[in-house]
Amino acid sequence: MAESAEPRRELWIMGVTPESGRGDLLASYLETGKYDCRIERYDNLETGRPLGIVLDISPFSDDGWGVLLKIKGSPKTCNIPVLPVFLGALGTIGGVFPVAGFFMLPVDEQYVQNRLAIYGLTEEAETWDLQAMVVSRSGEEKLAKTIEALGFGVIKGYTGKEALALASIHPVYMVFCSHMLSDMSAFELQERLRLDPYSSNTPMFVLIKDNMKEGEKLAMSREIAHLVRKKQLTCEEFLGYLRRRE
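Residues numbered from 1 in each chain as written. Predicted model: local features only at pLDDT ≥ 70, side-chain atom pairs only at ≥ 80, totals over all residues. Heavy atoms only, no water.

Peer 1: Got a minute to help me understand the pairing of strand β6 (residues 101–105) in this structure?
Peer 2: Where burial is concerned, most of β6 is hidden: 5 out of the 5 residues are buried. Side-chain alternation along β6 places Gly 101, Phe 103 and Leu 105 on one buried face and Phe 102 and Met 104 on a second face that is also buried. Here 5 bridges tie β6 to strand β10 (residues 204–209), and the two strands are oriented parallel to one another. For Gly 101, the partnering residue across the bridge sits in β10 and is Phe 205. (Buried < 20%, exposed > 50% of the residue type's maximum accessible area, 1.4 Å probe, protein only. Helix = DSSP H or I, 4+ residues; strand = E, 2+ residues; numbered from the N terminus. Pairing = 2+ DSSP bridges.)

Peer 1: How should the nonpolar core be read in this particular structure?
Peer 2: Soluble globular proteins tend to bury their nonpolar side chains together. Membership of the largest hydrophobic core comes to 42 residues, with the highest contact counts inside it found for Ile 53, Met 133, Phe 187 and Leu 189. Among the elements that line this core, the one with the most residues is helix α2 (residues 64–73), at 5 residues. Ignoring sequence-local partners within four residues, the contact set of Met 133 consists of Ile 155, Ala 163, Leu 166, Ala 167, Val 172, Met 174, Val 175 and Phe 176. Ranked by size, the runner-up nonpolar core spans 20 residues in total, among them Tyr 29, Leu 83, Val 96 and Tyr 241. (Core = buried A, V, L, I, M, F, W, Y, C linked by side-chain atoms within 4.5 Å. Contact = heavy atoms within 4.5 Å.)

Peer 1: Would you explain the pattern of salt bridges in this entry?
Peer 2: A complete count under the given rule lists 11 salt bridges for this structure. Between Asp 56 and Arg 22 there is a salt bridge, with the nearest N and O atoms lying 2.9 Å from each other. Here Asp 56 is found in strand β3 (residues 52–56), whereas its partner Arg 22 is found in the loop between β1 (11–14) and α1 (24–32), with 34 residues between them in sequence. We note that Asp 56, like Arg 22, is buried. (Salt bridge = Lys/Arg side-chain N within 4 Å of Asp/Glu carboxyl O.)

Peer 1: In this structure, what is going on with the sheet that holds strand β4 (residues 82–87)? I would like to understand it.
Peer 2: Hydrogen bonds between backbone groups are what pair the strands of a sheet, and the pairing can be parallel or antiparallel. Taken in spatial order, the 5 strands make up an open sheet running β2-β1-β3-β4-β5, and their pairing is mixed. Looking at which strands have only one partner, the edges of the open sheet turn out to be β2 (37–39) and β5 (93–96). Strand-to-strand twist of the sheet, defined as the mean angle between neighbouring strand axes without regard to direction, takes the value 25°. (Axes fitted to C-alpha atoms, helices over the stretch in contact; angles between N-to-C directions.)

In structure tokens form, the structure reads like this:
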């Protein structure tokens, strides 16, 4: 008798109340792309095995930022990929933010090194003179030393504008950025880096605090609201982000 095929792992839609209907359009897009998906709650995550999570972090979400902190703060779920999206009040898809990943502050050096190795980002560090950029108001010295230990040079920027200026004269291999800078969010910095052909494909890791207050969560959600399109993304446009992440 032939062995049964392993069940296809699903993408979970989170940060959305199932009965609200706000995740229906997103689910239909994923199904069109032949992804198995369902709207789920965080409470079911540790016993489930999703391929990844599509997370609403808009002001209309069901505590999207709180869900993200729980996911990345638990050893059982922190390695699950998360794709942040902005869903409108009626579920329209206004924005997608394809960051390479998230790291909690203060960083765990061994965890950072392990994840970067799994992503395949450390293989050429000893062969080539590669630069990584750390963008943070504090400089994140512990993170900088962790990256240097892997063989990368470190360039530091303390604001989004400074990071953009540095990236224009110093090609960087990857970027680590605090979720909120004094002049812009990490998501805005990523959007602006993507406009430059030399940095359009540079992976960005977002640094998040483990004790983000409710006011900070709301401020972040509102900060990204001006990045979204007035016209919703088409199915083809949305699925393009998933293809680039595979």
